[in-house]
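Observations on chain architecture
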Amino acid sequence: MLQNQVETILPTDWGNFKIIAYSEDENDWMPHIVLIHEKTNFDATIPIRFHSECLTGDIFHSKKCECGKQLHSAMAYFEENGGILIYLRQEGRNIGIINKLKAYKLQEEGKDTVEANLELGLPADSRSFEDALAILSDLKVKSVYLLTNNPEKVAVFDNSPIVLKGRIPIEIKASEESKKYLETKKSFFKHFLDL
């Protein structure tokens, strides 16, 4: 069962956040991370983002995806409106960084992101957002606006006691390097994108 292992204040370029590490074991080196902006009003519907870890995009600003830009866009939104970021440790749609880089190599040979995963014998997307719901429940969040383009994240709330009041698009303009990736998101994963 996920538990709040530690919380403290994290000052950032987007204001102060409470940062919390959630895991089943206090010795887990890869806990989920929760950031709660100081402007967050728990008596109102809260803007939230479920963000799956993307080392290449979030840290190294890879142009192959828009993950890092989505993360920063969400942080900027929370600076203005308050909100909660749940940073889920499921790199590469939950295939891990080594497999993700193998998939990158196959993409260099012409495969799209889904074809690359399947050729490696991996699922197109094996992420789960149940831990995010458990964290929201632990935080006693009742209703949310979800910053996402992903219909799977929207669907997670279908059988949840947490009420999804609406979706806030978080679309990033495609670069030459990310165009095919975003087209696959739209065509295969049915993301809400205007390309």
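A closer look at the pairing of strand 5 (residues 84-88)
Of all the five residues making up strand 5, five are buried; the element is thus mostly covered by neighbouring parts of the structure. Both faces of strand 5 are covered, namely the face carrying Ile84, Ile86 and Leu88 and the face carrying Leu85 and Tyr87. Here strand 3 (residues 32-37) pairs with strand 5 via four bridges, running antiparallel. Bridging from a neighbouring strand, Ile36 pairs with Ile84 of strand 5. Two elements, strand 4 (residues 46-52) and strand 5, share five bridges in a ladder whose sense is parallel. Within strand 5, the position partnered with His51 by the bridge is Tyr87.

Examining the packing of aromatic side chains
A full pass over the atoms with the stated rule returns three aromatic pairs. On the numbers, 6.2 Å between centres and 15 degrees between planes, the contact of Phe50 with Phe129 is stacked. Linking Phe50 in strand 4 with Phe129 in the loop between helix 5 (113-119) and helix 6 (130-138), this pair joins segments that are 79 residues apart in sequence. The pair Phe50 / Phe129 is uniform in exposure class, with both members buried. Measuring from centroid to centroid gives 5.9 Å for Phe50 and Phe157, while their planes differ by 15 degrees, and the two rings are stacked. Highlighted residues: Phe50 in strand 4 and Phe157 in the loop between helix 7 (151-155) and strand 7 (163-168), separated in sequence by 107 residues. With a relative accessible area of 0%, Phe50 lands in the buried category. By relative accessible area, Phe157 is classed as buried at 6%.

What to know about the pattern of salt bridges
Counting across every chain of the model gives five salt bridges. Salt-bridge contacts for Glu91 lead to Lys100; the nearest nitrogen and oxygen are separated by 2.6 Å. Accessibility classification places Glu91 together with Lys100 in one group, the buried group. The partner of Arg127 in a salt bridge is Asp125, and the shortest N-O contact between them spans 2.9 Å. Exposure remark for Arg127: the relative accessible area of 19% places this residue in the buried category. Since its relative accessible area comes to 27%, Asp125 is described here as partly exposed.

Observations concerning the sheet that holds strand 1 (residues 3-12)
With mixed pairing, the seven strands of this open sheet are ordered in space as 1-2-3-5-4-6-7. Edge positions in the sheet fall to strand 1 and strand 7, since each has one partner strand and no second. Each strand of the sheet is rotated relative to its neighbour by a mean of 25 degrees, with strand direction disregarded. Two strands pair when backbone bridges link them, and strand 4 and strand 6 (residues 143-147) are joined in this way by three bridges, in the parallel orientation. Residue pairing in the sheet places Pro47 in a bridge with Tyr145 of strand 6. Against the sheet, helix 2 (residues 67-81) makes contact with strand 2 (15-23), strand 3, strand 4, strand 5, strand 6 and strand 7, and its axis sits at roughly 160 degrees relative to strand 4, the strand it touches most.

Some remarks on the side chain of Ser62
With respect to the element layout, Ser62 can be found in the loop between helix 1 (55-59) and helix 2. Of the polar contacts made by the side chain of Ser62, one reaches the backbone nitrogen of Lys64; its length is 3.0 Å. Contact partners of Ser62, with chain neighbours within four places excluded, come to Thr56, Gly57 and Tyr104.

Reading the values: the criteria
- Residues numbered from 1 in each chain as written.
- Predicted model: local features only at pLDDT ≥ 70, side-chain atom pairs only at ≥ 80, totals over all residues.
- Heavy atoms only, no water.
- Buried < 20%, exposed > 50% of the residue type's maximum accessible area, 1.4 Å probe, protein only.
- Helix = DSSP H or I, 4+ residues; strand = E, 2+ residues; numbered from the N terminus.
- Pairing = 2+ DSSP bridges.
- Phe/Tyr/Trp six-rings, centres within 6.5 Å; stacked < 30°, edge-to-face > 60°.
- Salt bridge = Lys/Arg side-chain N within 4 Å of Asp/Glu carboxyl O.
- Axes fitted to C-alpha atoms, helices over the stretch in contact; angles between N-to-C directions.
- Contact = heavy atoms within 4.5 Å.
- Polar contact = N/O pair within 3.5 Å; in protein donor to acceptor, adjacent residues only side chain to side chain.

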